[in-house]
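Report on the structure
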Amino acid sequence: MPLGTLDRTPPPFFRQGPSAFTRLIVFSALALFLMVADRRLSVTEPLRAVIATALHPVQQVLLMPVQAISAAGQYLQGLAAARAAEAQARRQLADQAVRLSRLDLLEQENARLRELLQLRSTVSTRTLTAEVLYDRPDPYTRKVVIDRGLTQGVVPGSPVIDPTGVIGQVTRVYPLTSEVTLLVDKDAVIPVLNTRTQVRGLAYGDPQRAGLELRFMPTNADVREGDTLATSGVDGVYPAGLPVAVVSRVERRADSAFARILLEPVGQLDSARHVLVLEPVGHALPPPPEPASEALPRSQRRSANGR
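Report follows, based on the coordinates.

Conventions adopted
- Each chain has its residues counted from 1, following the order in which its sequence is written.
- Only residues with pLDDT of at least 70 are given local features in this predicted model, and only at 80 or more are side-chain atom pairs given and counted; all residues enter the totals for whole chains, interfaces and linings.
- To get the side-chain values, take all heavy atoms of the structure and skip hydrogens and water.
- By convention a nonpolar core is built from buried Ala, Val, Leu, Ile, Met, Phe, Trp, Tyr and Cys residues, the set being connected through side-chain atoms within 4.5 Å.
- Each residue is assigned to one of three classes by its accessible area relative to the maximum for its type, calculated with a 1.4 Å probe on protein chains only: buried under 20%, partly exposed between the two thresholds, exposed over 50%.
- A contact between two residues is defined here by any heavy atoms of the two lying within 4.5 Å.
- Aromatic pairing here means that ring centres of Phe, Tyr or Trp (its six-membered ring) are within 6.5 Å. Orientation follows from the plane angle: under 30 degrees is stacked, over 60 is edge-to-face, and everything else is tilted.
- Here a helix means four or more residues in a row that DSSP labels H or I, a strand means two or more in a row labelled E, and each is numbered from the N terminus.
- In this description, strands pair whenever DSSP reports at least two bridges between them.
- Only the stretch in contact is used when a helix axis is fitted, and all axes are lines through C-alpha atoms; the angle between N-to-C directions ranges over 0 to 180 degrees.

1. Quick look at the nonpolar core
By size, the foremost hydrophobic cluster in this structure holds 39 residues, and its most contacted members are Val-166, Leu-183, Ile-190, Leu-212, Ile-261, Leu-263 and Val-275. Excluding anything up to four places from it in sequence, Ile-261 contacts Leu-212, Glu-213, Leu-214, Met-217, Val-223, Val-247, Arg-249 and Val-250.

In structure tokens form, the structure reads like this:
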């Protein structure tokens, strides 16, 4: 065979294409082009949608064990919470039944005592619903403004309560609004009665801890944590029996003749939105009887004075 007819091309194993650097440049440029095109023209969006649609059943199948475990955990938690709520409801129902029976006995005893002592019935006071408009901007006082005033019959000194207890007292009245001083204000004072021991005292506002303090109680006074304090009704302003506060801490110091008794108000002082304004008890009381000398006509009083 002549030498000129021989195939001098290398076999496929030894064939060489473009250099590695050239291929790096080409594929890098292609990748950059695809990224820019996808960003600007969203050319791969249909492909992504097709792939996501095809993989959706697979994703659902893979998520089934996780969803089943989560559903089982939620079921068990809900079952435990329902059982706890049922037990608590049963306890509350039993407590309410006991309180109701005690209340009936107390009401019967109270009626008998009033009949024996010939006491007049409890004075009924007028009430007026009101809405809290805003808090006073003064940071050194604890006061709120309500949307009732002189035109609605509000008078200074009117007690203000919410569904849970006493929250304050009207201290300033305007034609359409009124200013209420809360129990925790530094100038607030309210006479209270310990419902357990029937001992009266004075509760002063303590704005630093947003509570009250029962002052001037002897160190050996029978006061315990958890005692409930209500209005005593001896001041002629607050009706008797309105919840005021609960004793939170009692400090008895040897270097002081008085105990330091801290109280927590039962009323929602910071969150009350709708309140009830009561007429002061003194406004509902009948006027005191006139002396015998003043009940006589003027001519008879002169003759009596002359004698």
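2. Description of the packing of aromatic side chains
Under the definition given, this model contains two aromatic pairs. Judged by centre distance (6.0 Å) and plane angle (80 degrees), the ring pair of Tyr-204 and Phe-216 falls under edge-to-face. Linking Tyr-204 in strand 7 (residues 200–206) with Phe-216 in strand 8 (residues 211–218), this pair joins segments that are twelve residues apart in sequence. With a relative accessible area of 53%, Phe-216 lands in the exposed category. In textbook terms, an aromatic cluster arises when at least three aromatic residues are bridged by ring pairs, as seen for Tyr-204, Phe-216 and Phe-258.

3. Some words on the sheet that holds strand 4 (residues 165–173)
The strands that make up a sheet are held in pairs by hydrogen bonds between backbone atoms, and each pair lies either parallel or antiparallel. Read around the closed barrel, six strands run 1-2-5-4-3-12, paired in antiparallel fashion. Across the sheet, the mean angle from the axis of one strand to that of its neighbour is 45 degrees, orientation sign disregarded. Taken together, the five bridges between strand 1 (residues 127–135) and strand 12 (residues 274–278) define a ladder with antiparallel strand orientation. Looking at strand 12, one finds that Ala-130 is bridged to Val-275.

4. Digging into the sheet that holds strand 9 (residues 228–231)
Spatially, six strands are ordered 6-7-8-11-10-9 in a closed barrel, and the strand pairing comes out antiparallel. The sheet shows a mean angle of 40 degrees between the axes of neighbouring strands, taken without regard to direction. Strand direction decides the pairing type here: strand 6 (residues 189–194) and strand 9, joined by three bridges, are antiparallel. Note that in strand 9 the partner of Asn-194 across the bridge is Leu-229.

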